[in-house]
Amino acid sequence: MARVIVTGGAGFIGSHLCDRLIADGHDVLCLDNFYTGRKVNIAHHLGNSAFELVRHDVIEPILLEGDLVYHLACPASPVHYQFNPVKTIKTNVMGTINMLGLCKRIKAKFLLASTSEVYGDPLEHPQSESYWGNVNPIGPRSCYDEGKRVAETLVESYRNENGVDTTIVRIFNTYGPRMLFDDGRVVSNFIIQALKGQDITIYGDGSQTRSFCYIDDLVDGLISAMDKEGFHGPVNLGNPTEMTIKSLAELVIELTGSRSKLVYRKLPEDDPARRRPDINLAKKELGWQPGVELKDGLMKTINDFEERLKQEG
Ligand code: NAD
Ligand code: UDP
């Protein structure tokens, strides 16, 4: 049994991680400012003595005790991280310094949830960890991708200079139950539009690609990375099955049986054209690879959205 701190624990990925850690018998302390997280995501643990919830913004220091820190606090959807770019930078820089400083004091192991966005609009395909990326430092996505790049730098500095035990995972597009209806990311947008019979909004011509990983696979990967002694990453975690955004829209229409039509909207500035993880390092070092087929994961997500639509209107 470990005492585990999960920052961003009330969010999409964080709440699934809390579920798994509690199921595995650990004590979990969830830290969240509820910017994009929701109490309902972790409400089923309230009252369990193995679970604690603290409303806290990671840009402020905090004194806690624990053995492991999963640092996920940061909005992940472009819509949310661009709403207040300076706040996103503060979360990534000051938030990461605070959590690394905490780990230094209490000698806890630290995992950074970094992102495929550190590769920017990649010139190398698929993306392996040795690729340095093609990132616009002053574009609309830079608060997030440059924020995560400096967060990675901080992790390496605290490891090399302060002896903090750390690891970095670079998460590629992940989807599943509990994504917010208004999250703004592509899977949740397409599912909600299909279920409501609204037009499916494809940005650009839909030829850009992404590779989608189901949440349960991703959580397995996070835990494998944290548990692997002596391995510090960075390591890609994602599903290498690549598809165009247009074919994702068609698949969502097929699986929901929707009559929604595809409509085309302006492609956002700096939207990466292609993205697919090279996961050879994760396979070799962590013995990890995703197992959930896209159709199966999408059906589970669609069922969850339908259920919540009924409950929440
Ligand atoms: P999310 O927006 O659902 O969760 C983020 C959580 O962090 C929310 O609960 C939010 O309230 C909390 N948070 C944000 N700023 C905070 C702050 N200053 N202090 C305390 N809490 C704060 O997003 P997610 O998809 O669950 O992503 C979780 C992490 O994984 C993020 O760090 C994100 O960058 C990373 N990631 C996610 C994806 C993906 O596809 N979902 C891909 C790459 C990286
Ligand atoms: N996208 C889209 N329609 C939407 C939302 C997103 O076509 O309603 C596109 C977006 O332009 C991008 C891809 O889907 O090319 C993935 O977008 P998302 O915001 O999910 O993630 P990211 O761009 O960070 O990979």
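Residues numbered from 1 in each chain as written. Chains lettered and ligands numbered in written order. Predicted model: local features only at pLDDT ≥ 70, side-chain atom pairs only at ≥ 80, totals over all residues. Heavy atoms only, no water.

## Quick word on a negative patch on the surface
(1) Moving on: A grouping of Asp24, Asp165, Asp227 and Glu229 is seen on the molecular surface, where their side chains present a negatively charged patch.
(2) Moving on: As for its placement among the helices and strands, Glu229 is situated in the loop between helix H6 (215-227) and strand S11 (235-237). (Patch = residues over 30% accessible without salt bridge, like charges linked within 9 Å, V, L, I, M, F, W, Y side chains within 5 Å. Areas by Shrake-Rupley, 256 points an atom, 1.4 Å probe, with all protein chains shown as cover. Salt bridge = Lys/Arg side-chain N within 4 Å of Asp/Glu carboxyl O. Lys, Arg positive; Asp, Glu negative; His and termini not counted. Charge placed at Lys NZ, Arg CZ, Asp CG, Glu CD. Helix = DSSP H or I, 4+ residues; strand = E, 2+ residues; numbered from the N terminus.)

## Section: the packing of aromatic side chains
(1) Moving on: By the definition in use, this model includes five aromatic pairs.
(2) Moving on: Members of the aromatic cluster, joined through ring pairs, are Tyr119, Tyr131 and Phe172.
(3) Moving on: Looking at Lys39, its charged tip hangs above the ring of Phe34, at a distance of 5.7 Å from the centre.
(4) Moving on: The ring of Phe305 carries Arg308 above its face, with NZ or CZ at 5.0 Å from the centroid. (Phe/Tyr/Trp six-rings, centres within 6.5 Å; stacked < 30°, edge-to-face > 60°. Lys NZ or Arg CZ within 6 Å of the ring centre and 35° of its normal.)

## Section: the pairing of strand S1 (residues 3-7)
(1) Moving on: Of all five residues in S1, four are buried; the element is thus mostly enclosed.
(2) Moving on: The sheet contact formed by S1 and strand S2 (residues 27-32) spans five bridges and is parallel. Bridged to Ile5 within S2 is Leu29.
(3) Moving on: Tracing the backbone out of S1, into helix H1 (residues 12-23) and back to the parallel element S2 gives a crossover that is right-handed.
(4) Moving on: Across four bridges, S1 lies against strand S4 (residues 68-71) in parallel orientation. (Buried < 20%, exposed > 50% of the residue type's maximum accessible area, 1.4 Å probe, protein only. Pairing = 2+ DSSP bridges. Right-handed = clockwise from strand over helix to strand, strands pointing away.)

## A short note on the sheet that holds S2
(1) Moving on: Spatially, seven strands are ordered S3-S2-S1-S4-S5-S6-S11 in an open sheet, and the strand pairing comes out parallel. For this open sheet the edge positions go to strand S3 (51-55) and S11, each flanked by a neighbour on one side alone. Between one strand axis and the next, the sheet turns through 20° on average, direction left out of account.
(2) Moving on: Pairing analysis gives six bridges linking strand S5 (residues 109-115) to strand S6 (residues 166-171), with the strands arranged parallel. Directly across from Phe110, in S6, lies its bridge partner Thr166. (Axes fitted to C-alpha atoms, helices over the stretch in contact; angles between N-to-C directions.)

Geometric values such as these leave the question of function open.
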